[in-house]
Amino acid sequence: MERSLLYYSTNLKADKVTFSQALLKGLAPDKGLYLPESIPLISPADISHYSKLHYYEIAFDIIRRFLIGEIDDEDLIGLIKDAYDFLIPLEKVFDRKYVMRLDQGPTASFKDFAARMMGRLMQYYLKKENKKLLILTATSGDTGSAVANAFYGLDNIQILVLFPRSEVTERQRKQMTTLGKNVRILALDAKFDDCQSLVKQAFADPDLDYLDLSSANSINIGRLVPQIVYYFYAFSRLRLENHQEEAIIAVPSGNFGDMMGGVLAMKMGLPVRKLIIATNENDEFPKYLYSGEYKKIEPSRNCISSAMNVGHPSNLARLVALFGGMMDEKGEIHKPADMELMRNELYSVSISDIRTRETIRKAYQNYKLVLEPHGAVGWAGLMEYLEKNPELNLKDQLCISLETAHPAKFPEEIQKLIGIEPPLPKSLEGLDDKHEFYEDLPNNYQDFKEYLMAHF
Ligand SMILES: *Cc1c(COP(=O)(O)O)cnc(C)c1O
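Counting from 1, residues in each chain are numbered in the order their sequence is written. Per-residue local features of the predicted model are confined to residues with pLDDT of at least 70, and side-chain atom pairs are confined, for both listing and counting, to 80 or more; whole-chain, interface and lining totals are unaffected and use all residues. Hydrogens are left out, water is left out, and the side-chain values use all remaining heavy atoms of the structure.

Student: Would you mind going over empty space enclosed by the protein with me for this structure?
Tutor: Over the atoms rolls a probe the size of a water molecule, and its path tells where empty space is left. Here the term cavity refers to a set of points on a 1 Å grid, laid over the protein atoms alone, in which a 1.4 Å probe fits but cannot get out; the term pocket refers to an open set having protein on both sides within 12 Å along at least five of seven lines, with lining residues being those that place an atom within 4 Å of a point. Grid points are joined across faces, edges and corners, and a volume is the space filled by probe spheres set on the points. Evaluation of the coordinates by the stated rule reveals 2 cavities of 30 Å³ or more. Its boundaries defined by the atoms lining it, the largest cavity holds a volume of some 280 Å³. Looking at the largest cavity, it is lined by 25 residues, and the ones nearest its centre are Phe110, Lys111, Gly254, Asn255 and Ala307. For the lining of the largest cavity, the secondary structure elements donating two or more residues are helix 6 (142–151) and helix 11 (257–268). Considered class by class, the residues forming the lining of the largest cavity number 9 nonpolar, 12 polar and 4 charged. Approximately 50 Å³ is the volume attributed to the second largest cavity. What lines the second largest cavity is Gln196, Val199, Lys200, Phe203, Asn217, Ile219 and Ser314. Of the residues belonging to the lining of the second largest cavity, the class tally is 3 nonpolar, 3 polar and 1 charged. A run of H or I in DSSP counts as a helix once it spans at least four residues, and a run of E counts as a strand once it spans at least two, with each numbered from the N terminus. Ten residues, namely Ala, Val, Leu, Ile, Met, Phe, Trp, Tyr, Cys and Pro, are considered nonpolar, four, namely Asp, Glu, Lys and Arg, are considered charged, and the remaining ones, Gly among them, are considered polar.

Student: What is the right way to read the packing of aromatic side chains from this model?
Tutor: Remark: the centre distance and the inter-plane angle together describe each pair of aromatic rings, the angle taken between the planes. Classification of ring pairs rests on two measures: the distance between centres of Phe, Tyr or Trp rings, Trp counted by its six-membered ring, which must be within 6.5 Å, and the angle between planes, read as stacked under 30 degrees, edge-to-face over 60 and tilted in between. For the structure on display, the rule yields 19 aromatic pairs. Aromatic pair Phe163 and Tyr438: ring centres 5.9 Å apart, planes at 65°, arrangement edge-to-face. Residue Phe163 is found in strand 6 (residues 157–164), and its partner Tyr438 is found in the loop between helix 17 (411–418) and strand 15 (439–441); the two are separated by 275 residues along the sequence. The buried label goes to any residue with under 20% of its type's maximum accessible area, the exposed label to any with over 50%, and the partly exposed label to all in between, with areas taken from a 1.4 Å probe on protein chains only. For Phe163, a relative accessible area of 0% corresponds to the buried category. Judged by its relative accessible area of 33%, Tyr438 is partly exposed.

Student: Can you walk me through the packing of helix 4 (residues 73–83) against helix 5 (residues 111–129) in this structure?
Tutor: When two helices pack together, you describe them by how their axes are tilted relative to each other and by the distance separating the axes. In this analysis, axes come from line fits to C-alpha atoms, helices being fitted only over the stretch in contact, and the angle between any two N-to-C directions falls in the range 0 to 180 degrees. It is at 9 Å that the axes of helix 4 and helix 5 come closest, and there the two elements cross at 140°. Every pair of crossing elements has a handedness; the one defined by helix 4 and helix 5 is right-handed. Taking contact as the criterion, the partners of Asp75, Leu76, Leu79, Ile80, Asp82 and Ala83 in helix 4 are, on helix 5, Arg116, Met117, Arg120, Leu121 and Tyr124. Across the contact of helix 4 with helix 5, the residue classes tally to 7 nonpolar, no polar and 4 charged. Handedness of a helix crossing follows the sense of rotation of the near helix relative to the far helix, less than a right angle counterclockwise being left-handed and clockwise being right-handed. Two residues qualify as a contact provided that any one of their heavy atoms is within 4.5 Å of a heavy atom in the partner residue.

Student: Is there a simple way to think about the pattern of salt bridges in this case?
Tutor: Side chains that differ in sign of charge can pair as their charged atoms come close. What makes a salt bridge here is a side-chain nitrogen of Lys or Arg within 4 Å of a carboxyl oxygen of Asp or Glu, nothing more. Within the structure shown, the criterion is met by 27 salt bridges. A salt bridge links Glu37 to Lys16; the nearest nitrogen and oxygen atoms lie 2.7 Å apart. Here the residue Glu37 occupies a position in the loop between strand 2 (34–36) and helix 2 (44–50), and Lys16 occupies one in the loop between strand 1 (7–9) and helix 1 (19–25), the gap between them amounting to 21 residues. Residue Glu345 pairs with Lys267 through a salt bridge whose shortest N-O separation is 3.4 Å. On the criterion of sequence distance, the pair formed by Glu345 in helix 14 (residues 339–345) and Lys267 in helix 11 is long-range, its members being 78 residues apart. Residue classification places Lys267 among the partly exposed positions, given a relative accessible area of 24%.

Right, dumping it as structure tokens:
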């Protein structure tokens, strides 16, 4: 096999590792995040060729470049085919403005794309090495269910999910708590950031070394790589043949895993004019982008796009690194990024709940487009960008906005705003009748540690 691509830590104090090591570790030992030493490039000819390929074939061509020397092609394509057995609708809204619906997976959120691939890759490497892992993950709603579903029933992996009791919807909760088997769920009277902080403390605790902990949060490089693929996929399906063009892409963002997929896609050669990072009222990133000064928001603000209630995006350190800077895990900047370049490639906007609701209403009124709160933040970001840049607001300009969850996951809000009940996708049917299993945990590290030591 060829020499492996190596991965470095954004804190620059840990040894470089291979993909499988980075995947099984999650966080680097210096608390940094892993990034590939060099970014694979995809040529315009290859991108044109993607128009003729299935999703799984595009996924194979992209993912394989990050796993050089780490897995046989045949094994990899098997895992990918098995992970991506659902549709990815590209819904035309008007002119060449599209919504990409990433909500057809088993838990009806875009997180299925990453979780399903990561689960399969982890199982592959664990089996090979005859090892076991305990996955600890904090969720603001969708990660927990996507990860729990993707890893449910795997032999070598146990899952423990922490969630903030009042920040997830009933449906989101039931998607995690009705599984059982190798999946355990803990409810905390806390915020998502508190749950994340407990998980991080456990990782750093030498008393827990014996547990072989890993993370399935978007800090794991195994979550990131699969999220590059659908950007290329959408472009390959929507681009005009024999034309050189650049797309404008809008991503509703919280922990920035999704948008990092987009940034990596751009760095690999995807022709993107602007990547729009739309946040909810947690506006630490747009402020940073335009001032160069970063201040996290503590505690994070509660918005209706609850999976994006993040006051300090855990992937931000990766973005800063890709633009030549260095940010540590606490959000301190040790070396400034090239902010001018960043502003050139990215646009960022914070969308209030009022605007989110207005967007859901208007999108339905004007285009019969059904958005849920997260996708509405992205769409509102795109609309604002086009308004502010009339020179790009052209009929022919290709624009793609990501819809990250199925509207049926937010039935009350949608019903209230546009008076329809979005039909439940098959994957969410029957949840109400299932038994829930979960335990309560106080929001403090000592209790969490004792729980871990008692149960694993
Ligand atoms: C997690 C999530 C997001 C935010 O994605 P990040 O990768 O954390 O930026 C957006 N929408 C939905 C529905 C999500 O579940």
